[in-house]
Amino acid sequence: MGVGIKATKKTNFKKTNNKKNIFDSIPAELIIDIVARVAASSSRDLFKAKLSCETLHKFADDKYIIQRASLDKFPVVPWTLNDHKQAIFSDRCADSENPEALCRRGIVRYFEKMEMNSGIECLLKAAKSGHLEAMYVLGLIMILHGEETKEQGMKIIIDMKNLQTKRKNIQKIRESFSTTLGSIWVKNTMVVGQAMPTCCTRQDHAKSIGLNKLADLECAACSCDQEIVHLWEILPKSI
Ligand SMILES: [Zn+2]
């Protein structure tokens with residue numbers, strides 16, 4: 001019996017050894033799906049996978065994977081050589097319509113480069129893919145742009161806040177936006193140094209806006225104003 005088991009093991013070992021690469025026996029779609037999941041969790045792990053074997057290296061550049069790659073720990077603005085490499089990757093992600101990369105590109109173009117139309121276009125694309133931060137920023141920008149788009153912007157923010165039953169979610173979105181905005185040089189003169197717009201016109205509501213940002217407000221317009229107050233808090237006071 002013992003000898004039999006030994007013999008079988010030996011045969012299996014030989015079989016495994018004869019294969020050039022274990023990934024050769026897995027369908028390409030499955031490899032792409034697995035690598036996309038790795039990339040969605042961490043792009044650094046994607047880079048490691050890419051370096052680990054030739055097959056993964058070949059698949060790692062697949063558009064499906066690039067579209068889903070996470071940019072979580074990547075800096076928005078490159079400072080070091082390594083950041084620069086990551087910025088090139090972020091650019092590739094945005095070109096492949098990765099929603100997270102598009103959202104960042106949209107924020108940078110709108111708030112820093114003052115390329116407002118193309119910034120809004122990027123945010124729109126990301127929002128259409130369901131990227132919540134892009135949707136949130138787009139809602140704020142629409143409020144800032146005044147009467148024509150203000151109501152639509154307010155609707156986006158109100159709907160988002162109503163749907164986000166867990167307050168943590170809207171807080172997370174707000175924090176992520178603060179981090180992105182805090183890492184760029186905000187130079188948009190349509191926003192910086194301007195008077196803060198308000199959504200609620202009721203005099204008796206005005207005092208409650210700045211207080212307890214996470215409180216549920218019954219007035220939808222005040223709820224939008226809370227987000228505008230937050231934006232004004234994180235914006236530089238002058239250029
Ligand atoms: Zn109000």
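Our next topic: the nonpolar core. Ile107, Phe111, Tyr136, Phe177 and Leu181 are the most contacted members of the largest nonpolar core, which totals 42 residues. Of all the secondary-structure elements, those providing two or more residues to this core are α7 (99-112), α8 (116-128), α9 (132-144), α10 (147-163), α11 (167-182) and α12 (220-234). Beyond its immediate sequence surroundings of up to four residues, Phe111 is in contact with Val137, Ile141, Phe177, Leu181, Ile184, Trp185, Val186, Lys187, Asn188 and Val191.

So, about α9. Between its first and last C-alpha, α9 extends 19 Å over 13 residues, near the 18 Å set by a 1.5 Å rise per residue. Burial runs high along α9: eleven of the 13 residues are buried. Those residues of α9 lying buried are Glu133, Ala134, Tyr136, Val137, Leu138, Gly139, Leu140, Ile141, Met142, Ile143 and Leu144.

Here the protein averages 83 in pLDDT, and 85% of its residues register 70 or above. With pLDDT under 50 throughout, residues 1-16 is counted as low confidence; its partners more than four residues away or in other chains account for zero contacts.

Let us look at the packing of helix α6 (residues 81-95) against α7. Two numbers describe how α6 lies on α7: the axes approach to 7 Å, and their chain directions differ by 105°. The angle between α6 and α7 places the two elements in the roughly perpendicular class. Taking contact as the criterion, the partners of Ser90, Asp91, Cys93, Ala94 and Asp95 in α6 are, on α7, Ala101, Leu102 and Arg105. Grouping the amino acids of the contact of α6 with α7 by side-chain chemistry returns four nonpolar, one polar and three charged.

Turning our eyes to something else, we now look at the side chain of Arg174. Structurally, the position occupied by Arg174 is in helix α11. Look at Arg174 and you get buried, because its relative accessible area is 7%. Polar contacts involving the side chain of Arg174 include one to the side chain of Glu227, which spans 2.8 Å.

Scanning all chains against the criterion turns up six aromatic pairs. Here the aromatic rings of Phe74 and Phe89 are separated by 6.0 Å at their centres, their planes lie at 65°, and the arrangement is edge-to-face. Of this pair, Phe74 sits in the loop between α5 (63-68) and α6 while Phe89 sits in helix α6; the two residues are 15 residues apart in sequence, bridging distant segments of the chain. Look at Phe89 and you get buried, because its relative accessible area is 7%. Relative to Phe177, the ring of Tyr136 has its centre 6.2 Å away and its plane inclined at 75°; by these criteria the two rings are edge-to-face.

All right, on to a nonpolar patch on the surface then. A cluster of nonpolar residues, Leu30, Ile34 and Val38, forms a patch on the protein surface that exposes about 230 Å² of accessible area. With respect to the helices and strands, the residue Val38 is situated in helix α2 (residues 28-41). Look at Val38 and you get partly exposed, because its relative accessible area is 31%.

Let us now look at the packing of α7 against α8. Contact pair α7 / α8: the axes reach a minimum separation of 7 Å and the direction vectors enclose 160°. As judged from the angle between their axes, α7 and α8 are roughly antiparallel. When the axes of α7 and α8 are compared, the crossing they make is left-handed. Listed contacts from α8 to Pro99, Leu102, Cys103, Arg105, Gly106, Ile107, Arg109 and Tyr110 of α7 are Met116, Ser118, Gly119, Ile120, Cys122, Leu123, Lys125 and Ala126. When grouped by side-chain class, the residues that make up the contact of α7 with α8 number ten nonpolar, three polar and three charged.

Thresholds, definitions, all that
- Residues numbered from 1 in each chain as written.
- Predicted model: local features only at pLDDT ≥ 70, side-chain atom pairs only at ≥ 80, totals over all residues.
- Heavy atoms only, no water.
- Core = buried A, V, L, I, M, F, W, Y, C linked by side-chain atoms within 4.5 Å.
- Buried < 20%, exposed > 50% of the residue type's maximum accessible area, 1.4 Å probe, protein only.
- Helix = DSSP H or I, 4+ residues; strand = E, 2+ residues; numbered from the N terminus.
- Contact = heavy atoms within 4.5 Å.
- Expected span 1.5 Å × (residues − 1).
- pLDDT = per-residue confidence, 0-100.
- Axes fitted to C-alpha atoms, helices over the stretch in contact; angles between N-to-C directions.
- Parallel < 35°, antiparallel > 145°, perpendicular 65-115°, else oblique.
- Nonpolar A, V, L, I, M, F, W, Y, C, P; charged D, E, K, R; others polar.
- Polar contact = N/O pair within 3.5 Å; in protein donor to acceptor, adjacent residues only side chain to side chain.
- Phe/Tyr/Trp six-rings, centres within 6.5 Å; stacked < 30°, edge-to-face > 60°.
- Patch = residues over 30% accessible without salt bridge, like charges linked within 9 Å, V, L, I, M, F, W, Y side chains within 5 Å.
- Areas by Shrake-Rupley, 256 points an atom, 1.4 Å probe, with all protein chains shown as cover.
- Salt bridge = Lys/Arg side-chain N within 4 Å of Asp/Glu carboxyl O.
- Left-handed = near helix turned anticlockwise from the far one by under 90°.

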